[in-house]
Structures are given as C-alpha cells and as structure tokens.
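Summary of structural features
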Amino acid sequence: FKPLSLVIVLMMFCYFTRDTMVWVFAESIANHRVGIKPENIGLLFSIHGATSLLGPLLLIWFMRRYGKDKLLLLGILISGAISIVVSQTHSMLLFSLMVIMWSTAHFFTYSCIMGFAAAADSKGTVAAVAGAAVMGGTAVAPAIAGYVMDSGGPNLFTLGIIIAVLATLTFSGLSVYFTKRSNA
C-alpha cells in the first residue's frame, strides 16, 4: 500500500480501461462508420495482432537511448492519440493504419508499465497486482463504453477516452515522482 505501488496499479487500471473502451467498438466502427467489410475486419485485426511483438522490441531498442520515464509518457500519449483517432475517424485508410499501429503502441506502453511495476518491489507484488488491474480495467471498460456511447454518442465516448488518457498520464507522472523519491 505504498504510494508508488498504488499509482502504478491505478495507472495500469486506467490504461486498460481506455484501451478496452475503444476495443469494444472497434469492429463496429470499422464496419458501420468506415465501411470495412466484415471479412476484411478479421484480416485487419490479425495484422494488428501480428504487429504486437514490435512494441516490446521497440521499447528494448529505445531504452538504450532514452530514459524509461520519457518512454512511458510517450507511450501513453501515442497509444492515447491512436485511441482518439480510431474513435473519431471516418477514413478507412486512417482507421486501418491506426489499428495496425495500435497493438505496437499498446504493447510498448504495457511493457513499460510492467517494467515500472517490476522495479517497484523485489518480491514482485506490485507486478502481480498490476496484472489484476489489467483485468479490472478490462472488466469495467465495456460497461463504461456502452453507457457513454449510449448517453452521448461518439463525441462523449471520445471525451471518456481523453479522460482515461489524462488519468493514466497523471498516475504515470506520480509513479515517476515516487520512483525518483524512493531512489533518492
């Protein structure tokens, strides 16, 4: 229950809430808004899945050049921006490009958050609880997404995504602060 542990768990929870909110409606957006045929949506999401390995590989490569604090903030901003574009675009090309980039950005950032969680304590407790926060965020996101979409449509839905991104950024900033404070 240390502040660092709590903010890492909350960061993970908000991160997966935002990501899953978009994922809930990704197929519907692809089909109904941008006009991708259902048989092509599966192919697009397969490519999306295949590119997920690039995220951790890019993180390893960038970790040699930049600090993990900057990479965490950058990952949250990029994955958040992708979510916003996916939730608002009417362009088939832009939607497809964002979906393909989505998994790379997602797993880049997820790996970075797990790095913070693993470094937070030597017993691995924070990393284990962060894993539970993944499931918590994934569990509440469909209800939030459905409620927000039903209440206010795509614009309120995107506002919900922006709020989740800002919450994730807030908790990531606090995790960087508490990490530096505990290392001092």
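Residue positions are given per chain, counting from 1 as you read along its sequence in written order. This being a predicted model, a pLDDT of at least 70 is required before a residue's local features are given, and a value of 80 or more before pairs of side-chain atoms are given or counted; all residues contribute to the totals for chains, interfaces and linings. Calculation of side-chain values draws on the structure's entire complement of heavy atoms; hydrogens and water are dropped beforehand.

Runs of H or I in DSSP of at least four residues are treated as helices and runs of E of at least two as strands, each being numbered from the N terminus. Position of Val7 among the secondary structure elements: in helix H1 (residues 3–33). When the C-alpha positions of Val7 and Asp19 are compared, they lie 18 Å apart, and in sequence the two are 12 residues distant. In this structure Val7 touches Phe171, Leu174, Ser175 and Phe178, once residues within four positions along its chain are discounted. Contact definition: two residues touch when any of their heavy atoms are within 4.5 Å.

Glancing now at the pattern of salt bridges. For this document, the term salt bridge refers to a Lys or Arg side-chain nitrogen within 4 Å of an Asp or Glu carboxyl oxygen. Taken as a whole, this structure holds 2 salt bridges when the rule is applied. Measuring nitrogen to oxygen at the nearest pair gives 3.2 Å for the salt bridge that ties Arg18 to Asp19. Three labels apply to residues, based on accessible area from a 1.4 Å probe with only protein chains included: buried if under 20% of the type maximum, exposed if over 50%, partly exposed otherwise in between. We classify Arg18 as buried; its relative accessible area is 2%.

Next up on the list: the packing of H1 against helix H4 (residues 68–88). At a minimum axis separation of 8 Å, H1 and H4 run at an interaxial angle of 30°. Considering the angle they form, H1 stands roughly parallel to H4. Where H1 crosses over H4, the two elements pack in a sense that is left-handed. For the pair formed by H1 and H4, the contact residues are Met11, Tyr15, Arg18, Val22, Ile29 and Arg33 on the first element and Leu72, Ile76, Ser79, Gly80, Ser83, Val86, Ser87 and Gln88 on the second. Only Asp, Glu, Lys and Arg are considered charged in this grouping, and only Ala, Val, Leu, Ile, Met, Phe, Trp, Tyr, Cys and Pro are considered nonpolar; every other residue, Gly among them, is considered polar. Of the residues belonging to the contact of H1 with H4, the class tally is 7 nonpolar, 5 polar and 2 charged. Note on method: axes are straight lines fitted to C-alpha atoms, helices fitted across the in-contact stretch only, with angles between N-to-C directions ranging 0 to 180 degrees. If an angle is under 35 degrees, it is roughly parallel; if it is over 145, roughly antiparallel; if it lies from 65 to 115, roughly perpendicular; otherwise it is oblique. It is the rotation of the near helix from the far one that decides the hand of a crossing: anticlockwise by less than a right angle makes it left-handed, clockwise makes it right-handed.

In this section: the state of the cysteines. Disulfide: a pair of cysteine sulfur atoms within 2.5 Å of each other. For the structure shown, the criterion picks out 0 disulfides. Free cysteine Cys14: the closest other cysteine sulfur is in Cys112, separated by 16 Å. Cys14 sits in the buried class, given a relative accessible area of 12%.

The next point concerns a nonpolar patch on the surface. Taken together, Leu53, Leu54, Leu57, Leu58, Ile60 and Trp61 make up a surface patch of nonpolar side chains, about 580 Å² in accessible area. Along the chain, Trp61 falls in helix H3 (residues 54–63). Residue classification places Trp61 among the partly exposed residues on the basis of a relative accessible area of 42%. The residues that make up patches have over 30% relative accessible area and no salt bridge, and they are joined within 9 Å when like-charged or within 5 Å when they are Val, Leu, Ile, Met, Phe, Trp or Tyr. All accessible-area figures derive from a Shrake-Rupley calculation using a 1.4 Å probe, and residue coverage is judged against the displayed protein chains alone.

Attention now goes to the packing of aromatic side chains. Classification of ring pairs uses Phe, Tyr and Trp, with its six-membered ring standing for Trp, and accepts pairs whose centres are within 6.5 Å; under 30 degrees between planes counts as stacked, over 60 as edge-to-face, and the remaining range as tilted. Within this structure, the stated rule accounts for 10 aromatic pairs. Taking the centre distance of 6.0 Å and the plane angle of 45° together, the rings of Phe62 and Tyr66 count as tilted. You can call Tyr66 partly exposed: its relative accessible area is 44%. Each member of the aromatic cluster is reached from another via a ring pair, and the members are Tyr15, Phe16, Phe107 and Tyr110. In this structure, Arg18 is placed above the aromatic ring of Tyr15, and the distance from its NZ or CZ to the ring centre is 4.8 Å. Positioned over the ring face of Phe116 is Lys68, at 4.7 Å from the centre of the ring. Should the NZ of a Lys or the CZ of an Arg lie within 6 Å of a ring centre and within 35 degrees of the ring normal, that charge is described as sitting over the ring.

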